[in-house]
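Tertiary structure, described
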Amino acid sequence: MIINTGGRTDTVQYYTPWLLQRFREGFVYARNPLFPSKVTRYDLTPDKVDAVVFCSKDYSPILPRITEITDRFSTYFYYTITAYGKDIEPGVPSIDESIRTLIELSHIVGRKRIAWRYDPVLLTADYTIDTHRRTFSYISEKVAPYIDRCIFSFVEIYRKLEYNMPELMPLSVEDMEELAMILGRTASDNGIYIQTCGTDKDYSRYGIHSSGCMTLDILGNANDIRFRKLKHNGMRSGCHCIESRDIGAYDTCPNGCRYCYANKNPRIAKENYMKHDPRSPILLGSLSEEDVITQARQTSFQEKEAPQCRDLLSGM
């Protein structure tokens, strides 16, 4: 089983003490977002977890103690650094601060465990194609020696964004082609492997690879482990990732990113953040008598060693 710590909220940036406590105690509870009274218990132990996946916009809170997890588990880190400022990402550190933290993280965990996420790619009157050209080039030059790959995606304009970001400009096919060309060529110039996320569109003519951003190949190569050949069903149309289990909760990230899909609105997220108890086994609030708790069936994706191989090794 793959444990995801950052799909529903930025657990690292805002809930590091809780996260470390959960791994120290060896279990965590996660509430079903569609049926809140249904709660799943996951064991957070090396024999039950194949890999721990992190996704954050600020790893500085966990850096002093990250080895408490990396020394025990296979891991992979997605670090989101975009072209946007406080007008779009109010709670996110500056680009230069983020770059410094990424480099520090790379020194600790190694470059092959880090992917730089440059997403979502969006356009407004202030954030133009030329803005992306300049910013992506600047970040690429700084982080190239410290990352495994770069992953990008184009913004999906769902209904909530029409209210949260009315200044958002729809991306035309021509816009996406030009942006893909810029990102692909810039990545190539800096020796960065670049791929798409959450789309079936082909930009290979610009040196861009089409793949899931969280695959068993990526996790296996980063940690020198072998996984079985399993189908990657993804989480939505165009997604080619392996299934994982998220231990966070929606509507709990105070970052206030205006394009965020995981928060209904920033006010609710901030209110929920205040309900967090770092001593609780569940991220938001606590368990109640009405909750129905189920122990997760945690099946390993790793390739099992053949009996004859074990016999040979034991006789050496």
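Just above, that's the structure.
The paragraphs below set out a description of the structure included in this document.

The rules behind the values
Residues numbered from 1 in each chain as written. Predicted model: local features only at pLDDT ≥ 70, side-chain atom pairs only at ≥ 80, totals over all residues. Heavy atoms only, no water. Axes fitted to C-alpha atoms, helices over the stretch in contact; angles between N-to-C directions. Helix = DSSP H or I, 4+ residues; strand = E, 2+ residues; numbered from the N terminus. Parallel < 35°, antiparallel > 145°, perpendicular 65-115°, else oblique. Left-handed = near helix turned anticlockwise from the far one by under 90°. Contact = heavy atoms within 4.5 Å. Nonpolar A, V, L, I, M, F, W, Y, C, P; charged D, E, K, R; others polar. Disulfide = S-S within 2.5 Å. Buried < 20%, exposed > 50% of the residue type's maximum accessible area, 1.4 Å probe, protein only. Phe/Tyr/Trp six-rings, centres within 6.5 Å; stacked < 30°, edge-to-face > 60°.

Axes are the key here: two packed helices are described by the angle between their axes and the distance separating the axes. Two elements in contact, helix α3 (residues 95-109) and helix α4 (residues 129-143), have axes whose closest approach is 10 Å; the angle formed by their N-to-C orientations is 25 degrees. On the basis of the axis angle, α3 is roughly parallel to α4. Viewed along their axes, α3 and α4 form a crossing whose handedness is right-handed. Every residue of α4 that contacts α3 at Ile95, Asp96, Ile99, Leu102 and Ile103 is listed here: Thr135, Tyr138, Ile139, Lys142 and Val143. Considering only residue class, the contact of α3 with α4 consists of 7 nonpolar, 1 polar and 2 charged.

Right, let's talk about the state of the cysteines for a bit. Following the criterion strictly, the structure yields 0 disulfides and no others. For Cys55, which is in no disulfide, the shortest distance to another cysteine sulfur is to Cys213 and amounts to 8.2 Å. The thiol of Cys260 is unpaired, and the distance to the nearest cysteine sulfur, on Cys253, comes to 6.2 Å. Here Cys260 falls in the buried class, since its relative accessible area comes to 18%.

Right, let's talk about the packing of aromatic side chains for a bit. What the rule picks out here adds up to 15 aromatic pairs. The interplanar angle of 85 degrees and the centroid separation of 5.2 Å between the aromatic rings of Tyr84 and Tyr127 together place this pair among those described as edge-to-face. You can see Tyr84 sitting in the loop between β5 (75-80) and α3 and its partner Tyr127 sitting in the loop between β6 (114-121) and α4, a full 43 residues away along the chain. In terms of burial, Tyr84 and Tyr127 fall into one category: buried. Seen in terms of ring centroids, Phe154 and Tyr203 are 6.1 Å apart; in terms of plane orientation they differ by 75 degrees. Their pairing is edge-to-face. You can see Phe154 sitting in strand β7 (residues 149-154) and its partner Tyr203 sitting in the loop between β8 (194-196) and α7 (216-223), a full 49 residues away along the chain.

Geometry only, nothing functional implied.
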